[in-house]
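Examination of the molecular architecture
One letter stands for each residue in the lines below.
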Amino acid sequence: MRAAVVPAPEGTPRYGEFPDPHAGPDDVLLDLVAAALHPIVRSRARGTHYSAGSEYPMVPGVDGVGRTREGALVYAGEVQEPWGTFADRFAAPRTRTVPLPDGVDPVAVAAGMNPGMSSWMPLTEHVARGGALGTVLVLGATGTAGGLAVQNARRLGARRVVGVGRDPAELERVLALGAEPVALTEDADADVPALTAALDGEAPDLVLDYLWGAPAEVAFRALEAGPAGEGTVYVEVGAVAGPTAATPAALLRSRRFQVRGSGIGSVDMSRYRDEAVAYLGRIAAGAVVVPTVTFPLERVADAWQATHGPRAVVTPV
């Protein structure tokens, strides 16, 4: 079959031939309709993600929309390396497929499910546990996942959303989505009071962090300087700004402050499927929107260069 093929770690994918995927008795074989180039796709291809395999050459892509032999469109994930979704065909566990509602745009589903679910899961879990959604703080709100986190928080009833990022133009989009934007600089000593002022004397109920690294340390300092409130749950979702962040001991001891992660291995997968069905319905209804740009599979090298702006989505042609 034809596929995007990554020859080695740190390599750029090329369009070429790759063996057909192995579909076991519990798998479904799908023809590619649309698959998005999420950050996890790049990091797994590089071999730097904690879930990455070590077998090369490999086909990138962790999820996507495919067509069954009967002609039905489904969203599918958990494709096993070295195969991925950036190929003519891919196999996925039958239990990890979700049928698409009639009329839904498969490109929107491919682009929105992975980044959207990254915030939908912790947000809905927080609400289910009886947590308030007064103020939600989103670090990395200018990215695709961060923008969806803003939309999700607002849709779930958050009274305030504070969105943190660097790109001034994208911060305007964050404002349009309903968040109060805060611009990060390279000066942490200036960023801390700026974030403290934006929180306006109110501790966030939930923090969704797509950055980690130095921006997380800015957030920790701002939270330590502010009031304790009723408690804050800090959810680390991504780490594009760095793999480590120092947490002040006083922050952990002076208030009810919980730090946890959201990702592969830390999510209840039975609950994930139920919420995936619900979230796919939100995309179908236009309740959340993600900007996209499409590339035919044969132009995967060009798609790989689209690191900013709309989410790149690969289609068969």
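Residues numbered from 1 in each chain as written. Predicted model: local features only at pLDDT ≥ 70, side-chain atom pairs only at ≥ 80, totals over all residues. Heavy atoms only, no water.

1. A few points about the sheet that holds strand β13 (residues 257–261)
Across the sheet, six strands lie side by side as β10-β9-β8-β11-β12-β13; this open sheet has parallel pairing. Each having just a single partner strand, β10 (180–183) and β13 make up the two edges of the open sheet. Across the sheet, the mean angle separating the axes of adjacent strands is 15° when strand polarity is ignored. Examined bridge by bridge, strand β11 (residues 206–209) and strand β12 (residues 232–236) share four bridges and lie parallel to one another. Residue pairing for β12: L208 is matched across the bridge by V235. Here helix α2 (residues 106–128) sits on the sheet in contact with β8 (135–139), β11, β12 and β13, set at roughly 165° to β11. The strands touched by helix α6 (residues 213–225) within the sheet are β8, β11, β12 and β13, with β12 carrying the most contacts at an inclination of about 175°. (Pairing = 2+ DSSP bridges. Helix = DSSP H or I, 4+ residues; strand = E, 2+ residues; numbered from the N terminus. Axes fitted to C-alpha atoms, helices over the stretch in contact; angles between N-to-C directions. Contact = heavy atoms within 4.5 Å.)

2. Brief notes about the pairing of strand β5 (residues 73–77)
For β5, a buried count of four out of five residues is recorded, marking the element as mostly surrounded by other parts of the structure. Sheet topology note: the strand β4 (residues 63–67)/β5 ladder contains five bridges and is antiparallel. Note that in β5 the partner of G64 across the bridge is A76. Here β4 folds back onto β5 in antiparallel fashion, the turn holding five residues, of which G71 has a positive phi close to 95°. By the bridge criterion, three bridges tie β5 to strand β7 (residues 97–99) in an arrangement that is antiparallel. Pairing of Y75 across the sheet is with V98, part of β7. (Buried < 20%, exposed > 50% of the residue type's maximum accessible area, 1.4 Å probe, protein only.)

3. With respect to the packing of aromatic side chains
In the structure shown here, the tally under the stated rule is six aromatic pairs. Measuring from centroid to centroid gives 6.1 Å for W212 and Y234, while their planes differ by 65°, and the two rings are edge-to-face. Of this pair, W212 sits in the loop between β11 and α6 while Y234 sits in strand β12, placing them 22 residues apart in sequence. Considered together, W212 and Y234 belong to a single accessibility category, that of buried residues. (Phe/Tyr/Trp six-rings, centres within 6.5 Å; stacked < 30°, edge-to-face > 60°.)

4. With respect to helix α4 (residues 168–176)
Where α4 starts, the residue carrying a side-chain oxygen 2.9 Å from the main-chain nitrogen of A169 turns out to be D167. Positive backbone phi, approximately 110°, marks G178, located one or two places after α4. (Polar contact = N/O pair within 3.5 Å; in protein donor to acceptor, adjacent residues only side chain to side chain.)

5. Comments concerning the environment of V79
Looking at where V79 falls in the secondary structure, it is placed in the loop between β5 and β6 (89–93). Residue classification places V79 among the buried residues on the basis of a relative accessible area of 6%. C-alpha separation for the pair V79 and A287, spaced 208 residues apart in sequence, amounts to 28 Å.

6. Some details on the nonpolar core
Ranked by internal contacts, the top residues of the largest apolar core, which has 32 residues, are F18, L37, V41 and F86. Mapped onto this core, the elements with two or more residues apiece are β1 (2–5), β3 (27–36), α1 (39–46), β5, β6, α9 (300–304) and β15 (311–315). Broken down by element, this core gets its largest block of residues, four residues, from β3. Formed by 25 residues, the second largest nonpolar core is a distinct cluster that contains V33, A34, V98 and A110. (Core = buried A, V, L, I, M, F, W, Y, C linked by side-chain atoms within 4.5 Å.)

7. A few points about the packing of helix α5 (residues 188–199) against α6
The geometry of α5 relative to α6 is characterised by a closest axis approach of 8 Å and an angle of 50° between their N-to-C directions. By the angle between their directions, the pair α5 and α6 is classed as oblique. Along this stretch, α5 crosses α6, giving a crossing that reads as right-handed. Within the contact between the two elements, α5 uses A188, D189, D191, V192, L195, T196 and L199 and α6 uses V218, A219, R221, A222, L223 and A225. For the contact of α5 with α6, the class distribution of residues is nine nonpolar, one polar and three charged. (Parallel < 35°, antiparallel > 145°, perpendicular 65-115°, else oblique. Left-handed = near helix turned anticlockwise from the far one by under 90°. Nonpolar A, V, L, I, M, F, W, Y, C, P; charged D, E, K, R; others polar.)

Nothing here speaks to function; it is geometry throughout.
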